[in-house]
Amino acid sequence: MNSLLVARGVTKSYPMAGGRLEILKGIDLTIEKGEAISIVGSSGAGKSTLLHILGTLDRPTLGKVLHRGIDLTKMTDEEVASHRNATMGFVFQFHHLLAEFSALENVAMPLRIGGDAPIVALARAEEQLIQMGLKDRLHHRPSELSGGEQQRVAIARSIVRKPEILFADEPTGNLDTQNAARIQDLLFELQKSMGLTLVVVTHDTAFAARFPRALRMRDGQWA
Ligand SMILES: Nc1ncnc2c1ncn2[C@@H]1O[C@H](COP(=O)(O)OP(=O)(O)OP(=O)(O)O)[C@@H](O)[C@H]1O
Ligand SMILES: [Mg+2]
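The structure presented is a predicted model; accordingly, all values stated were derived computationally and were not measured. (Residues numbered from 1 in each chain as written. Chains lettered and ligands numbered in written order. Predicted model: local features only at pLDDT ≥ 70, side-chain atom pairs only at ≥ 80, totals over all residues.)

(A) Main features of the site of ligand 1. Around ligand 1 lies a shell formed by Y14, L21, I23, G41, S43, G44, A45, G46, K47, S48 and T49. For the shell around ligand 1, the secondary structure elements donating two or more residues are β2 (19–31) and α1 (47–54). In terms of residues, the shell around ligand 1 owes the most to one element, α1, which gives three residues. Looking at the shell around ligand 1, its residues break down into four nonpolar, six polar and one charged. (Near = placed C-beta within 6 Å. Helix = DSSP H or I, 4+ residues; strand = E, 2+ residues; numbered from the N terminus. Nonpolar A, V, L, I, M, F, W, Y, C, P; charged D, E, K, R; others polar.)

Here is the structure:
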């Protein structure tokens, strides 16, 4: 049985005057289905770069990333995008909701992209938002929502297609303590109820310590 996600010798470097700037220096990582993993490390350690490569938003310079034994680095951009949309969700520090659309329309978007008819997508999005306590905010635009609500809508959007893996990069970095705690609890609830695999980058050491597996990066390697 293949592990859910495996990184093997992942390096990332950028050309620069007089050589190459090495950002990731041969990262190995094996993630099993349903695991919850946190990654901490100082600014510039390469956490976001690694998360993006694991989530196929970026490609490694060398090395590979296998999802259920399938080498994602060998796929074309088109193949990788459709694989990503069907199996992976992303949450970032800033919600990246589309300003001119309602919460409902934002959450319906990935379903529409996946080919669902508008009425099906909207019904499913509504169900997801209600489940996350946002019944009274369906028709609000992002600017009409609080920071915590915006992030909950962003999480709803990231999981509405029921991904296998949810990647989060500083998901609470922009929130006050109380809202951050709510978002943390929500992520763990979703991990349990959906059997989600959770990979979270954070600067919050207390949050990181809540994960059964807490990893630390330093200078492009595991610390
Ligand atoms: N396109 C690029 N070209 C050159 N260097 C880059 C590029 N993208 C990122 N870097 C460098 O890679 C290093 C790691 O960046 P990364 O965003 O992964 O760090 P991080 O650990 O997420 O930091 P933070 O905690 O501040 O978010 C940084 O030093 C950054 O300047
Ligand atoms: Mg980062």
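(B) Spatial organisation of the pairing of β2. Where strand β1 (residues 5–16) lies against β2, 10 bridges are found, and the strand directions are antiparallel. Across the sheet, the residue bridging to S13 is E22, located in β2. From the end of β1 to the start of β2, which pair antiparallel, there are two residues, and G18 there has a positive phi angle of about 80°. (Pairing = 2+ DSSP bridges.)

(C) Quick look at the environment of G34. Looking at the element boundaries, G34 is found in the loop between β2 and β3 (36–40). Given 14 C-beta atoms within 10 Å, G34 falls into the partly exposed group. Each C-alpha atom, one on G34 and one on M194, is 8.9 Å from the other, the two residues being 160 residues apart in sequence. (Buried ≥ 20, exposed ≤ 12 C-beta atoms within 10 Å, placed from the backbone.)

(D) A look at unusual backbone geometry. Its identity is not glycine, yet T56 carries a phi of approximately 65°, on the positive side. If you trace the backbone, T56 turns up in the loop between α1 and β4 (62–67). For T56, a count of 21 C-beta atoms within 10 Å puts it in the buried group. In the Ramachandran plot, H96 falls in the positive-phi region, its phi being about 55° despite a non-glycine side chain. With respect to the element layout, H96 can be found in the loop between β6 (88–91) and α3 (103–113).

(E) Inspection of the sheet that holds β4 at higher detail. Read across the sheet, four strands follow the order β2-β1-β4-β5 without closing on themselves; strand pairing throughout is antiparallel. At either end of the open sheet lies a strand with only one pairing partner, and these are β2 and β5 (70–71). Where α1 meets the sheet, it contacts β1, β2 and β4, and its direction lies at approximately 125° from that of β1. (Contact = placed C-beta atoms within 7 Å. Axes fitted to C-alpha atoms, helices over the stretch in contact; angles between N-to-C directions.)

(F) Quick peek at the sheet that holds strand β7 (residues 165–169). Ordered by their spatial adjacency, six strands build an open sheet running β6-β7-β8-β3-β9-β10, and the pairing between neighbours is mixed. Strands with a single pairing partner mark the edges of an open sheet, and in this sheet they are β6 and β10 (221–222). In the sheet, β3 pairs with strand β9 (residues 213–218) via four bridges, with the strands oriented parallel. Residue S38 lies in a different strand from β9, and its bridge partner there is A214.

(G) Inspection of the environment of Q151 at higher detail. Within the element layout of this structure, Q151 appears in helix α5 (residues 147–159). C-alpha separation for the pair Q151 and H96, spaced 55 residues apart in sequence, amounts to 9.1 Å. Look past the residues within four positions of Q151 in its chain and what remains in contact with it is H95, P171, L175 and I183.

(H) Seen up close, helix α6 (residues 177–194). When the terminal C-alpha atoms of α6 are compared, their 26 Å separation across 18 residues agrees well with the 26 Å that a helix rising 1.5 Å per residue should span. Those residues of α6 that sit buried are A180, I183, L187 and L190. For α6, the angular spread of buried residues about the axis comes to 85°, placing them on one side. Every exposed residue of α6 that faces more than 90 degrees away from the buried side is listed here: T177, Q178, D185, E189, K192 and S193. Looking at the buried positions of α6, the neighbouring elements they touch are α5, β7 and β8 (197–201). Positive backbone phi, approximately 65°, marks G195, located one or two places after α6. (Expected span 1.5 Å × (residues − 1). Arc of directions from axis to C-beta.)

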